[in-house]
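Observations on chain architecture
Here's the letter readout for the chains.
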Amino acid sequence: MNSLRICSLSLLILLAGLKSYCQNGVEDSLKEYHTLLKKSSVDTNRVSALLRLGNYYLFLPQEKKSDLDSAFNYYKRAAELSESLHSTEWRYRILAYKSLAFFESGKPDTGKKILKEVIGYYQKTGNIRLEAHAWEYLGSHLLNQKAPENRAEGHASTERAIKLYNQAGNKFKALELQAANATGYVYDKKYAEAEKILLSVHEGFKRIKYFGESDGRVLDWLDYIAGLNNDLNKQLYYASQELDNLQKHPKEFSKSREELFYRHLSVLYKDLGNLSQSELYARKQLSLSLELKTDYTISLWNLIPSVVKQGRPADAMKILNETVKKAPPDSLQQIYVYQFYGEIYAAMHNYKAAEHYYQLTNRQYDRVDPKHENLSLLGLVYRSIGTFYGSINQFKKAEPFLAEIAAKKPPIRPLQKSILALLQSRIDSSAGNYFPALQQFQLHKRLNDSIFTVEKSRQINQLEVSFETKQKQIKIDLLNAQNKVNLAQAQKANIQRNITGGGIIVMCIISGGIFYGFRTKIKSNRILTSKNKEIDLKNESLQTLLSEKEILLGEKELLLADKDMLLKEVHHRVKNNLQIVTSLLSTQLAYLENSDAVQALEESQQRVQAIALIHQKLYRETGGVSIEMQSYVHDLIEDLKDAFNTSTRHILFRISIDDINLDIDLAVPVGLILNEAITNSIKYAFGEKGGELSVSILKTEDEHYVLTVADNGRGLPEDFDFDKVNTLGMVMIKGLGRQIQASFEISNLQGLTLSLKFPFRKTSQVKS
């Protein structure tokens with residue numbers, strides 16, 4: 001009701017046209033109003049003072065009967081004075097506020113009757129603007145009634161107001177009222193009709209180039225309806241539209257509106273499984289919540305799970321402790337704080353502490369809502385406790401909480417319903433109730449499939465990629481478009497100035513001949529009209545080119561996203577196939593008794609693993625383009641350490657790799673050469689005392705790389721001839737070296753040093 005009172009106050013300020021009251025508002029003190037009353041003469045200034053006092057009591061936060069009685073008393077005095085002054089205008093201003101008092105006191109029929117009298121007066125006087133305000137006011141109150149006939153009349157009254165606002169040329173107000181009417185249809189559960197109107201309003205705001213908070217609220221309602229239809233694709237689209245508006249027009253949004261929007265984005269990305277983005281927007285929301293001193297637990301609802309599910313419960317604990325220290329929770333917030341601690345301790349596998357905090361959550365909830373009347377709160381608390389017990393397989397403890405949810409039927413989003421259905425399926429299955437378990441599992445699958453279909457997931461991914469790319473290009477595109485429009489406008493202005501100047505000169509020259517001058521003026525006007533049409537055509541052509549450019553850029557972004565996805569899939573499948581080969585070799589090893597054969601297969605297995613590691617990194621880390629050699633060499637050496645158990649042989653490794661990216665054609669032979677050289681040193685270079693093995697890949701100034709593997713072990717025999725040796729490992733190193741156009745250098749002083757120098761390739765990259 002308080003929100004209704006504030007809305008009605010704003011409306012009636014416009015209706016009464018009291019500019020000074022709008023500036024001071026209900027925040028003015030009672031003492032100031034009485035001072036105004038004492039200083040006023042017996043004229044309309046005193047009527048205004050009495051009206052302000054009535055409004056002061058009407059709009060007090062608590063709806064006390066004594067306050068309403070005081071409001072009626074001041075309205076009565078104001079009305080009597082306006083009658084004695086014969087001020088019809090003030091009479092109807094007072095009636096408008098008095099109707100609000102009747103609505104507040106639970107007498108809507110009386111309030112409606114008075115408002116219709118006000119409407120009749122403004123119709124008679126032809127004041128379209130104030131008549132529109134009155135219809136709007138009537139519609140807003142009737143839409144807050146439960147009776148269907150009142151709500152239907154509320155829609156009709158709002159439509160009348162919309163029509164009048166359009167007649168008065170107030171397009172923005174008409175669009176706002178259309179949005180208000182649509183929200184009424186949402187409450188009537190006429191979602192398709194509401195969505196149609198909201199989309200029309202959104203396009204209307206675009207036409208008048210408005211991108212502020214009212215448009216944001218329209219996008220929120222569209223997001224809400226899409227959520228009811230389990231359409232995450234549309235939800236992400238509407239969120240991206242509002243984020244676009246927020247970035248382009250930040251002055252149009254208040255901080256409280258920005259906080260609410262960040263919450264929507266955080267929830268949406270959490271449902272999509274994009275936890276890093278959910279964390280990003282939840283942190284922004286938390287910062288604004290603490291600054292505005294609003295309920296920070298709403299932002300923690302998204303932030304804590306997002307951080308925990310990324311494997312960082314310690315970070316989540318730090319965030320929670322710091323937040324609670326800055327703003328101690330009230331009794332309601334304490335419920336959520338206990339729950340957050342339970343969730344964090346569960347992620348740390350400290351189930352005893354987690355259960356303790358979930359029990360505190362339940363006890364605090366019983367204190368805050370002993371009759372369990374707040375169904376939304378019940379759903380949040382019982383769902384979290386039941387899910388915790390289900391996660392640790394204590395199904396008997398979870399069952400009563402899920403049973404209470406099923407009995408009370410609190411409002412729960414489809415995604416959470418899917419999770420609860422899966423948990424209930426596990427509970428029924430553990431109790432031997434297999435048919436109910438199957439039914440619950442089918443419900444889980446049906447809900448999950450309605451939210452996350454393969455096609456819908458692909459569309460969402462494409463939309464995310466397109467939106468992120470669009471954000472990078474939007475500033476450049478806007479600047480380019482603005483420059484072109486400014487240039488066209490300047491050219492148009494120059495032409496207009498030139499034509500006007502020419503016309504004046506011609507008129508001065510032929511001032512002696514009135515008839516001839518008149519014809520010349522007509523001719524000049526025709527030329528001017530033609531030039532204007534030509535400029536307009538050029539502007540339209542420019543806008544068409546800009547639109548085509550945006551379409552082509554969008555198609556390019558989609559093609560690039562598809563290409564990256566296909567490359568990742570190829571590398572993923574190659575890596576899986578190589579893992580299968582490795583597994584087959586491992587299986588074969590179990591059946592071999594010949595030590596030479598076992599050694600040969602183990603070496604082959606390690607070579608396959610070196611190649612598989614490259615494809616794994618291409619799939620997971622680089623988008624399928626190139627290999628970051630620092631990370632690859634470290635992972636390769638760790639695999640070899642595990643394979644040859646170097647820790648017990650006292651072999652130390654020193655690694656020095658420049659920040660180098662290699663494409664796959666260069667990375668595979670380099671990886672195999674490294675594998676052979678390091679394996680050879682580990683196996684043959686060191687005795688029982690162990691030693692040191694150095695590996696480096698450095699970039700030279702002459703656009704070459706130098707790969708070096710050096711040990712301080714036994715070294716090679718004195719009669720060793722590199723060119724004549726024909727072992728498989730050396731044959732591979734020499735063959736792969738020729739493939740990458742490498743030159744070899746071998747040093748046998750204080751151990752063995754093998755160096756290869758090979759040139760850059762155009763597709764290889766070195767990070768600065």
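None of the values given here were measured: they were computed from a predicted structure.

**Here's the deal with the overall build of the chain**
- Looking only at helices and strands, one finds 29 helices and eight strands in the chain.
- Across the 768 residues of the chain, 44% fall into the buried class.
- Counting only contacts in the chain whose residues sit at least 6 apart along the sequence, the fraction spanning at least 24 positions is 64%.

**A few points about the pattern of salt bridges**
- Counted under the stated rule, the structure contains 19 salt bridges.
- Salt-bridge contacts for Lys-112 lead to Glu-153; the nearest nitrogen and oxygen are separated by 3.2 Å. Of this pair, Lys-112 sits in helix α7 (residues 108-125) while Glu-153 is found in helix α9 (residues 148-167), placing the two residues 41 residues apart along the sequence.
- Accessibility expressed as a relative area gives 18% for Lys-112, which makes it buried.
- The partner of Lys-757 in a salt bridge is Asp-702, with the nearest N and O atoms 3.1 Å apart. Taken together, the positions of Lys-757 in strand β7 (residues 753-759) and Asp-702 in the loop between β4 (691-699) and β5 (704-711) put the pair 55 residues apart, joining distant regions of the chain.
- The partly exposed category is assigned to Lys-757, whose relative accessible area is 32%.
- One salt-bridge network, held together by shared partners, links Glu-279, Arg-283, Arg-312 and Asp-315.

**Structural notes on helix α8 (residues 128-142)**
- In a regular helix each residue adds 1.5 Å, so 15 residues correspond to 21 Å; α8 covers 21 Å between its end C-alpha atoms and thus fits that length.
- Among the 15 residues in α8, 13 count as buried, and that is most of the element.

**What about the sheet that holds strand β6 (residues 743-747)?**
- Read from one edge to the other, the open sheet built from five strands follows the order β2-β4-β5-β7-β6, with strand pairing classed as mixed. Edge strands, defined here as strands with exactly one partner in the open sheet, are β2 (651-657) and β6. In this sheet, neighbouring strand axes are inclined to one another by 10° on average, regardless of whether the strands run parallel or antiparallel.
- With seven bridges connecting them, β2 and β4 associate as parallel partners. Counted as the bridge partner of Arg-654 is Ser-694 from β4.

**Some details on helix α11 (residues 191-207)**
- The first and last C-alpha atoms of α11 sit 24 Å apart over 17 residues, in line with the 24 Å expected at 1.5 Å per residue.
- Listed in full, the buried residues belonging to α11 are Ala-194, Glu-195, Ile-197, Leu-198, Val-201, His-202, Gly-204 and Phe-205.
- Where α11 is buried, its residues contact α10 (171-187), α12 (213-228) and α13 (232-248).
- Just past α11, the residue Lys-209 takes up positive phi, approximately 60°.

**A short note on the packing of aromatic side chains**
- The tally for this structure, following the rule as stated, stands at 25 aromatic pairs.
- Ring centres of Phe-172 and Phe-205 lie 5.8 Å apart, and the angle between their planes is 50°; this geometry places the pair in the tilted category. Of this pair, Phe-172 sits in helix α10 while Phe-205 sits in helix α11, and the two are 33 residues apart along the sequence.
- Since its relative accessible area comes to 0%, Phe-205 is described here as buried.
- Look at Tyr-269 and Tyr-281: their rings are 5.9 Å apart centre to centre, the planes differ by 15°, and that puts the pair in the stacked class. Linking Tyr-269 in helix α14 (residues 255-272) with Tyr-281 in helix α15 (residues 275-292), this pair joins segments that are twelve residues apart in sequence.
- On the accessibility criterion, Tyr-269 (3% relative accessible area) is buried.
- Take Tyr-281: its relative accessible area is 7%, and that puts it in the buried class.
- Seen from the ring of Tyr-92, Arg-91 lies directly overhead, with NZ or CZ sitting 4.8 Å from the centre.
- Its guanidinium or amino end placed over the ring of Trp-90, Arg-93 lies 4.4 Å from that ring's centre, counting from NZ or CZ.

**A word on the confidence of the model for the chain**
- Per-residue confidence for the chain gives a mean pLDDT of 78, with 80% of residues at or over 70.
- Confidence, read as mean pLDDT per element, is least for helix α2 (residues 19-24) in the chain (35) and greatest for β5 (94).
- Below pLDDT 50 for its whole length, residues 1-28 participates in 56 contacts with residues either more than four positions away or in separate chains.
- Confidence over residues 763-768 falls short of pLDDT 50; this stretch has 16 contacts with residues more than four positions distant or in other chains.

**Description of the pairing of strand β3 (residues 660-663)**
- In β3, alternate side chains face the same way, and those of Ile-660 and Leu-662 on one face and Asn-661 and Asp-663 on the other are all buried.
- Here three bridges tie strand β1 (residues 626-628) to β3, and the two strands are oriented antiparallel to one another. Within the sheet, the bridge partner assigned to Glu-628 lies in β3 and is Asn-661.

**Quick word on the environment of Leu-736**
- Here Leu-736 is to be found in helix α29 (residues 728-739).
- Along the sequence, Leu-736 and Leu-666 sit 70 residues apart, while their C-alpha atoms lie 9.9 Å from each other.
- Not counting the four nearest positions on each side in its chain, Leu-736 is found in contact with Pro-669, Leu-672 and Ile-673.

**As for the packing of helix α4 (residues 44-58) against helix α6 (residues 88-104)**
- In the contact formed by α4 and α6, the axes pass within 11 Å of each other and the chain directions differ by 10°. By the criterion of interaxial angle, the relationship of α4 to α6 is roughly parallel. Here Thr-44, Val-47, Ser-48, Leu-51, Asn-55 and Leu-58 of α4 lie close against α6, whose contacting residues are Trp-90, Ile-94, Tyr-97, Leu-100, Ala-101 and Glu-104.
- Classifying every residue of the contact of α4 with α6 gives eight nonpolar, three polar and one charged.

**Thoughts on the nonpolar core**
- Core analysis: the biggest nonpolar cluster contains 42 residues, and Met-629, Val-633, Val-670, Leu-674, Ile-678 and Ile-697 have the highest contact counts within it.
- Looking at this core, the elements that each hand over two or more residues are α27 (629-644), β2, β3, α28 (664-684), β4, β5, α29 and β7.
- Sort the elements by how many residues they give to this core and α28 lands first, with ten residues.
- Ignoring any residue separated from it by four or fewer positions in sequence, one finds Ile-697 in contact with Met-629, Val-633, Ser-656, Ile-657, Asp-658, Ile-660, Val-670, Leu-674, Val-706 and Leu-707.
- Core analysis: the second largest hydrophobic core is formed by 40 residues, Met-317, Ile-335, Tyr-341 and Leu-423 among them.

**A look at the environment of Leu-716**
- Along the polypeptide, Leu-716 turns up in the loop between β5 and α29.
- Setting aside its immediate chain neighbours within four residues, Leu-716 contacts Ile-746, Asn-748 and Leu-752.

**Looking at the pairing of β5**
- In terms of burial, β5 is a largely internal element, six of the eight residues being buried.
- Note: β4 against β5, seven bridges, orientation antiparallel. Looking at the pairing, Ser-696 lines up with Thr-708 of β5.
- Counted along the chain from β4 to the antiparallel partner β5, the turn is four residues long, and its residue Glu-703 has a positive phi close to 60°.
- In the sheet, β5 pairs with β7 via seven bridges, with the strands oriented antiparallel.

**Some details on unusual backbone geometry**
- The phi dihedral of Lys-293 falls on the positive side, at around 60°, and the residue is not glycine.
- Position of Lys-293 among the secondary structure elements: in the loop between α15 and α16 (297-309).
- By relative accessible area, Lys-293 is classed as exposed at 76%.
- For Gln-750, which is not glycine, the phi dihedral falls at a positive 50°.

Scoring rules and cut-offs
- Residues numbered from 1 in each chain as written.
- Predicted model: local features only at pLDDT ≥ 70, side-chain atom pairs only at ≥ 80, totals over all residues.
- Heavy atoms only, no water.
- Helix = DSSP H or I, 4+ residues; strand = E, 2+ residues; numbered from the N terminus.
- Buried < 20%, exposed > 50% of the residue type's maximum accessible area, 1.4 Å probe, protein only.
- Contact = heavy atoms within 4.5 Å.
- Salt bridge = Lys/Arg side-chain N within 4 Å of Asp/Glu carboxyl O.
- Expected span 1.5 Å × (residues − 1).
- Pairing = 2+ DSSP bridges.
- Axes fitted to C-alpha atoms, helices over the stretch in contact; angles between N-to-C directions.
- Phe/Tyr/Trp six-rings, centres within 6.5 Å; stacked < 30°, edge-to-face > 60°.
- Lys NZ or Arg CZ within 6 Å of the ring centre and 35° of its normal.
- pLDDT = per-residue confidence, 0-100.
- Parallel < 35°, antiparallel > 145°, perpendicular 65-115°, else oblique.
- Nonpolar A, V, L, I, M, F, W, Y, C, P; charged D, E, K, R; others polar.
- Core = buried A, V, L, I, M, F, W, Y, C linked by side-chain atoms within 4.5 Å.

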